[in-house]
Amino acid sequence: MHPAPSVILFTSFSGLGFGLLVFLGLGLPPVTGWVAFFLYALAYALAVGGLLASTFHLGHPERALKAFTQWRTSWLSREAWLSVAALVVMGVYGFAAVFLGTRLVPLGWFGAALALATVSSTSMIYAQLRTVPRWHQPLTPLHLLSLSIAGGALLAGQMTLAAGLLALAAAVQVAHWQVGDAALARSGTDLATATGLGPGPVRAFEPPHTGTNYLLKEFMHVVGRKHARKLRLIALTLGYGIPVVLLLIPGAGHVLGALCVLSHVTGLVTSRWLFFAEAEHVVGLYYGKRAA
Amino acid sequence: MTELPASTQKKLGLVIDLDTCVGCHACVISCKGWNTENYGAPLSDQDPYGADPTGTFLNRVHSYEITPEDGPAQLVHFPKSCLHCEEAPCVTVCPTGASYKRAEDGIVLVNESACIGCGLCAWACPYGAREMDAAEGVMKKCTLCVDRIYNENLPEEDREPACVRTCPAGARHFGDLGDPDSAVSQLVADRGGMDLMPEQGTKPVNKYLPPRPKQDCAEEFDVLAPLLKPVAEDTKGFLGWLDKALEKL
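A quick note: this is a predicted structure, and the numbers were derived from the prediction, not measured.

Peer 1: With reference to specific residues and values, describe the overall build of chain A.
Peer 2: Counting secondary structure elements, chain A contains eleven helices and one strand. What you see for chain A is a C-alpha radius of gyration of 21 Å, in line with the 19 Å of a compact globule of 292 residues. Principal axes of the C-alpha set define a box for chain A whose edges measure 70 × 45 × 30 Å. Buried positions account for 52% of the 292 residues belonging to chain A.

Below is the structure:
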């Protein structure tokens, strides 16, 4: 799949923002006043900024409100509802915490649940697609959720919890790569089923046109996969390894904390870039772009 | 509404004969022409006369080489457009309701004025049947020429999809695949019509007729062979003398 910067930034940063809102809602840390103000500002900047970034890849962003209508079938529509609900509930909870100095505990739990549900619905947009076998697996929601929660814990300053969650997210990440690498072959879809011309060998002899097209640009990103192994190592080291090591240093201050976040975000964006760049859409078979 | 209809009164669709298609791309051109001049946003081209031309097409013809176990290699031309699936994954993912499947005839359409151009329907389609128009920012797909097939302003013989009407080889057939007695259903039954990517669970309405086996033609190749055999070895007369004379030289 084409790794569009708007979608990479959207899923990375809104995941972090909603992850932070989960911990704020749970009262980890139980902040009020100015400290709460800065943490909520950060969470909303990430979550809302991410959502705004996602509208940049729309052909008609002015019609975006229509996306609230089809929640009965569409995960994208459900994501729209859940994200707005989470932001509104946590907005009320955050307002009380910042300006009234009180924490409306049950409302916080409800907001945290909505924030988790938002990240889950985002992940289901990808996991539901049978056309991309690498994404069509239970580990996809687990991967996006575990990363979001680990990043949220990190931003919320929950050091020991963050270290544990990052280690867990790293394990899920590696498993997602492992299962994903064999997913296309396991899906049973190949050029023979795509054309019905099997069981003998089928070879894409001539494409429909000499130039490129929307399908080739959107679904058949192959250049980036050349360095996939190195990029996986970078994502694993920066996104999970270095932060865990830094978190385990006793008495780490804000400087180390900032370094930790910077490293995690770099690794996270690398991982998310790979999430798209490595994903093979089955339509590539018709163009002979996938190993049969 | 992006909920799929429980059933449709008709299942209008195409039957494409891979044995007959000659790969002339006439269907591609007539489709582009009709759907640029008629219903919905035109199918735009980018840099059409430049170094890197691209454009929106609703129908494209691939070519594949197959090698049957006992027989010579064959080239199969393979037109591909929307298959108007019964379980259309492109419809249910749409967040705005722009994508829908008609209960009356099963045609899958896009309401372009409600399309936000998110592209998720194209992601959900395994066949590459949907293309985002780069000029309009909305999703384009085969309409089964919905503005031809019911159009009483056209002569009756023209009330079929442009690709079917134009095919010079008669490789494309249009009809109701929900009616077992229709000509297209009979054709599918006779020729072993097949689904593309059945494992994706989309239940496509369009069917493809496989190329007929070619090995029974092998005898035919020998029809002219006796005439092409070398002339008799034991030559006589003038030619015999000439043959011997030339040998001795």
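That was the structure; now back to the text.
Peer 1: Describe in detail the domain arrangement of chain B, supporting the description with residues and values.
Peer 2: Here chain B is described as being made up of domain 1 (12–209) and domain 2 (224–248). Placing a centre on the C-alpha atoms of domain 1 of chain B and another on those of domain 2 of chain B gives a separation of 60 Å.

Peer 1: Go over the domain arrangement of chain A, please, and point to the residues and values.
Peer 2: All names here are of chain A. Entries for chain A in the domain assignment read domain 1 (1–128) and domain 2 (158–292). Placing the centre of domain 1 and that of domain 2 at their C-alpha centroids yields a distance of 24 Å. Counting residues at the interface gives 13 residues for domain 1 and 18 residues for domain 2. It is M1, P3 and I8 that lose the most area in domain 1 upon contact with domain 2, and together they represent 44% of the buried surface on that side. The tally of links between domain 1 and domain 2 comes to zero salt bridges. On the surface where domain 1 and domain 2 come into contact, there are five residue pairs in polar contact (both at pLDDT 80 or more). No other element matches the seven residues that helix α1 (residues 5–25) contributes to the side of domain 1 that touches domain 2. Looking at side-chain class alone, the side of domain 1 that touches domain 2 contains ten nonpolar, three polar and no charged residues.

Peer 1: Could you give an account of the pattern of salt bridges, naming the residues involved and the relevant values?
Peer 2: For side chains bearing opposite charge, pairing can occur when the charged atoms are close. All names here are of chain B. Applying the stated rule across the entire model yields 17 salt bridges over all chains. Where K11 meets E86, a salt bridge forms, and the shortest distance between an N and an O atom there is 3.5 Å. With a gap of 75 residues between them, K11 in the segment before β1 (12–17) and E86 in the loop between β5 (74–81) and α2 (89–92) connect regions that are remote in the sequence. Look at K11 and you get partly exposed, because its relative accessible area is 26%. Given the relative accessible area of 29%, E86 is considered partly exposed. The salt bridge partner of K207 is D195, with a shortest N-O separation of 2.7 Å. Of this pair, K207 sits in strand β11 (residues 207–209) while D195 sits in the loop between α6 (183–191) and β11, and the two are twelve residues apart along the sequence.

Peer 1: Run through the nonpolar core, naming residues and quoting values.
Peer 2: One finds W135(A), F219(A), Y286(A) and W123(B) to be the most contacted residues of the largest nonpolar core, which totals 81 residues. When residues of this core are assigned to their parent elements, the largest contribution, five residues, is made by helix α3 (residues 120–124) of chain B. When neighbours within four sequence positions are excluded, Y286(A) is seen to be in contact with L191(A), A194(A), T195(A), A204(A), H62(B), Y64(B), F78(B), K80(B), P126(B), Y127(B), L196(B) and M197(B).

Peer 1: Go over the interface of chain B and chain A, please, and point to the residues and values.
Peer 2: Taken residue by residue, the interface counts 56 residues in chain B and 58 residues in chain A. When chain B packs against chain A, the two sides together hide about 4500 Å² of surface, and 59% of this comes from carbon and sulfur. At the boundary of chain B and chain A, one finds two salt bridges. A salt bridge links R72(A) to E3(B); the shortest N-O distance between them is 3.1 Å. Remark: the boundary between chain B and chain A carries 27 residue pairs in polar contact (both at pLDDT 80 or more). For the side of chain B that touches chain A, the elements supplying multiple residues, two or more each, are β4 (59–66), β5, α3 and β8 (131–132) of chain B. Element by element, the count of residues in the side of chain B that touches chain A is highest for β4(B), at seven residues.

Peer 1: How would you summarise the packing of α1(A) against helix α4 (residues 105–127) of chain A if you had to cite specific residues and measurements?
Peer 2: All names here are of chain A. One way to put it is that α1 packs onto α4 with a least axis distance of 8 Å and a crossing angle of 155°. With respect to their mutual orientation, α1 and α4 come out roughly antiparallel. As α1 runs across α4, the sense of the crossing is left-handed. Taking contact as the criterion, the partners of V7, F10, T11, F18, L21, V22 and G25 in α1 are, on α4, G108, W109, A112, A115, L116, T118, V119, T122 and Y126.

Peer 1: Explain the sheet that holds β11(B) residue by residue, including any values.
Peer 2: All names here are of chain B. One open sheet holds the three strands; their spatial order is β10-β1-β11, and the pairing between them is mixed. The sheet is open, and its two borders are formed by β10 (172–176) and β11, each paired with just one other strand. For this sheet, the mean angle separating the axes of adjacent strands, direction not counted, is 25°. Both β1 and β10 contribute to a ladder of five bridges, which runs antiparallel. Residue pairing in the sheet places V15 in a bridge with H173 of β10. Together, β1, β10 and β11 form the strand contacts of α6, whose direction differs from that of β10 by roughly 120°.

Definitions and cut-offs
- Residues numbered from 1 in each chain as written.
- Chains lettered and ligands numbered in written order.
- Predicted model: local features only at pLDDT ≥ 70, side-chain atom pairs only at ≥ 80, totals over all residues.
- Heavy atoms only, no water.
- Helix = DSSP H or I, 4+ residues; strand = E, 2+ residues; numbered from the N terminus.
- Rg over C-alpha atoms; globule rule 2.2 N^0.38 Å.
- Buried < 20%, exposed > 50% of the residue type's maximum accessible area, 1.4 Å probe, protein only.
- Domains from an automatic or database assignment.
- Contact = heavy atoms within 4.5 Å.
- Buried area = accessible area lost by both parts, 1.4 Å probe.
- Salt bridge = Lys/Arg side-chain N within 4 Å of Asp/Glu carboxyl O.
- Polar contact = N/O pair within 3.5 Å; in protein donor to acceptor, adjacent residues only side chain to side chain.
- Nonpolar A, V, L, I, M, F, W, Y, C, P; charged D, E, K, R; others polar.
- Core = buried A, V, L, I, M, F, W, Y, C linked by side-chain atoms within 4.5 Å.
- Axes fitted to C-alpha atoms, helices over the stretch in contact; angles between N-to-C directions.
- Parallel < 35°, antiparallel > 145°, perpendicular 65-115°, else oblique.
- Left-handed = near helix turned anticlockwise from the far one by under 90°.
- Pairing = 2+ DSSP bridges.

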